[in-house]
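Coordinate inspection notes
This is what each chain is made of:
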Amino acid sequence: MTAPLIRLEEVSVEYKGFKALDRASLQVEPGQIVGIVGESGSGKTTALNAMMGLAPISEGEVFFGEERITHLRTSQRRRVWRDMQMIFQDPSTSLSPSRSLAASVAEPLIAHGENAVAARSRAAALLELVGLDAAMADRSPHALSGGQRQRVAIARALALSPRLIVADEPMSALDVSVKAQIAALFSDLRSRLGTAFLIVSHDLALMSAIADRIIVMKRGRIVEQGPASAVVEAPTQAYTQRLRAACLDPQEVIRARFSDTEHAA
Amino acid sequence: MIRRALGPVGIASAVSFAIAVVAVAIVLSGNLNADLNLDDRLTGPSGRAWFGSDQLGRPVLARVIAGAPWSLGVALAANAISLCIGVVLGLLAAEFAGAPRRIILQVVNLTLSFPGLVAAMAAVAVLGQSAMAVILVLGLLAWPLFARVVYAEALSARERPYLIAARIGGVGRVTQVYRHILPVLLPSLIAMTAFHFADMLIAASALSFLGVGAPLGSPAWGAMLAESRPYLFQAPWMLIGPAFALATTVLLLNLCGDALARRLGGRRRTELRR
Amino acid sequence: MTALLALRGLTIEAGDGPLVHTIDLELAAGRILGLVGESGSGKSLTVMSIPGLLPSGCRVSAGEIVFDGRDIVDLSEDQMRPLRGRDIGVVFQDPFTSLNPVRRVGSLLEEALRRHTGVSARVARDRVIEALDQVGLPDPVGKARAYPHQMSGGQRQRALIALALVNNPRLLIADEPTTALDATVQVEILDVLRRSAERVNGAVVFVTHDLGAAAYICDEIAVMRGGRIVEHGLVQNIIARPTHPYTKELLACSPRLPPRKDNRGQP
């Protein structure tokens, strides 16, 4: 059996005595879409940062494939980062305001030695892959909407063809109609490229639509995890049930609200 | 209001035009001659000397023009030195947490508390009355102003997601700095440089006023101000000439710096709107 | 039932053209109206024009805002102020920046109360504690003496609602009051809003991008897009039988969880 793509084993992250992440264990298999769902202070973002080497790990180990990557020097990390990229929450700070879209997308390629011409044409292809028009390649991000900026950020994350992309609330800052499009894009990219996605979100319903597995976190701890259908349709933990109940489906809500009056009438 | 109406391009061209006109007029009228003329001592403004002449009969205007290179040159050089040192140290402090940062910040504090005048006098004692002494002293004492601003802004720029994305993408430290951090710093740096130039000019003039740095008899503006003191009531134009030059230059620098920063830097380069 | 609030032909403009076009809305006392739309739909501008809190650069260029039979569009700031404090309450989106961080929560409420009703300090203090209790804050006496940073996001929002309602205003405007809160807290705050409105028999305009939240507490919904109202009606009709394509699109994008299954795997 092949090793999982990435694995956290009892990982803790501590800031001045406060445990932002408390002995979390989770893993992502190649080609899987895993959702980490939780509210503010749940430690979900800290888990991502721990994986990427952006947060200090006080306990536990992180494995990428067979390799232990818990504590690495920057030069060694750069090698791991070729295979593991990140997308951020806020589309207005994800892209450099003074560079063109193609330049932002091509940046990782050039940093790893690709020549400018090849990098640029790959950048254009990536922009097409994420649903943007390659003719926009030389534009600046100023004219783009939030959803479009996130697509560019995704294109940049794909540049080095990583096997895993972690995303920190990538849809939270987007309009309702755009959220679904970006979620569908993740699914599509997984099918086409086989890239695994680890997506952090506060939106259980959104994750239930695209994730294979869901991990529920609260106050730095993992509360429940399993196949998405199991966690969402038959949650075992009270907190997960509360998260479920907090998702307001308009039609469900109306049915619940107005069934009484129908009976009364 | 004038500022807003003209813009930096407008101001720059207006100023250049004015300077050109005045320069041509000066050359044509023969007012450039700063030689002694003991017959003409302490006379008021006249055809030969538009700004009158001083106690040795030298035309004030000519001397002001002659003194410009010293004053402006010293200020510019000191500005350049403190800019370079300040930016480099500020960036290093932001990039390397731990010991380097602590050390640099301590040096900043130490330098700021250093007594400027004493240092200037010591430099002159060692290097003699020279522009170099003043340049060194001003440059080496003023860099913390740049360093602090650069440190603070670079520190926050480092946390921006596109910087982190660059790091994760494998971009090297140096490239991160000039491609992503410097553009963010640019508006502040440009404005600071213009204002700082003005400050260095005032500082250099203050030193030459006190007789530090400019050799005796030099037409440096501060020195001219000092020379004008005994003749204040007899020949007030001896004060007005250099004072006017100094004040106007400082004012123009501040206005330009302001307008430049707004135009060149601007939000377009430093952040995206939501 | 005459309308407490009526917007007629309301048009709001900024520098380069109208942002909100000829809005017509009516709201009766005791009803909750939801203004639903995405960013840029003009919902916040529409609702902020009522208490005269438009951002600088925006102004009402046409139409009327009739509150309690009186057109309040052209009121000066001095005339608006008593109205804003006493008859119209506003709950903003961000509980973190809407409460003055250097003042105790209780003193903010007391000041709002005393400025508009002139009661004595002791009476004011008692009413404030009662107001904090009514929004469901545990230990209202302690909370009155607390600073905003000592409370959680949900508690701050309850305090904001208490502040908006302390003078029993007839109209409450809530601009995305739950957007910045955690999901589990949102439902509680929606309950607080609804109960509070019922208690004072006030009218509520509830602005949101979340159709689920609107479905939860509103009696009527107006869907906005591009500065116009595209559909308007009773909440149960709009959600169960939407007619406008945009409304249908919004509904389609709303979060939908697969149904709960019991222990034997049956839904």
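Before reading further, recall that the structure is shown in the block above.
None of these values were measured; they are calculated from a predicted model. (Residues numbered from 1 in each chain as written. Chains lettered and ligands numbered in written order. Predicted model: local features only at pLDDT ≥ 70, side-chain atom pairs only at ≥ 80, totals over all residues.)

Here we come to the interface of chain B and chain A. Contacts between the two partners involve 18 residues from chain B and, on the opposite side, 21 residues from chain A. Looking at the side of chain B that touches chain A, the elements with two or more residues in it are α6 (161–168), α7 (173–209) and α9 (237–270) of chain B. In terms of residues, the side of chain B that touches chain A owes the most to one element, α6 of chain B, which gives five residues. Of the residues contributing to the side of chain B that touches chain A, the split by class is eight nonpolar, four polar and six charged. (Contact = placed C-beta atoms within 7 Å. Helix = DSSP H or I, 4+ residues; strand = E, 2+ residues; numbered from the N terminus. Nonpolar A, V, L, I, M, F, W, Y, C, P; charged D, E, K, R; others polar.)

Here we come to helix α7 (residues 153–165) of chain C. Residues and elements named next belong to chain C. Here α7 is 13 residues long and its end C-alpha atoms lie 18 Å apart, about the 18 Å a rise of 1.5 Å per residue gives. Extensive coverage of α7 is indicated by the burial of 12 of its 13 residues. Of the residues making up α7, those classed as buried are Gly-154, Gln-155, Arg-156, Gln-157, Arg-158, Ala-159, Leu-160, Ile-161, Ala-162, Leu-163, Ala-164 and Leu-165. Considering only its buried residues, α7 is in contact with β6 (88–91), α3 (95–98), α4 (105–117), α5 (121–134), β7 (171–175) and α8 (183–200). (Expected span 1.5 Å × (residues − 1). Buried ≥ 20, exposed ≤ 12 C-beta atoms within 10 Å, placed from the backbone.)

So, on to the nonpolar core. Counting residues in each nonpolar core, the largest one holds 242 residues, and the members touching the most others are Val-105 and Leu-127 of chain A, Val-134 of chain B together with Leu-109, Ala-162, Val-204 and Phe-206 of chain C. A total of 16 residues in this core trace back to one element, the largest contributor, which is α7 of chain B. Contacts of Leu-109 of chain C, omitting those with residues within four sequence positions, involve Val-128, Ala-131, Ala-162, Leu-163 and Val-166 of chain C. (Core = buried A, V, L, I, M, F, W, Y, C linked by C-beta atoms within 7 Å.)

Across the boundary between the two partners, chain A contributes 27 residues, which contact 28 residues of chain C. Broken down by secondary-structure element, the contributors of at least two residues to the side of chain A that touches chain C are α7 (176–193), α8 (204–210), α9 (228–233), α10 (238–246) and α11 (250–264) of chain A. In terms of residues, the side of chain A that touches chain C owes the most to one element, α11 of chain A, which gives five residues. Its residues placed into classes, the side of chain A that touches chain C shows 14 nonpolar, five polar and eight charged.

Remember that the coordinates give geometry; whether it matters functionally is a separate question.
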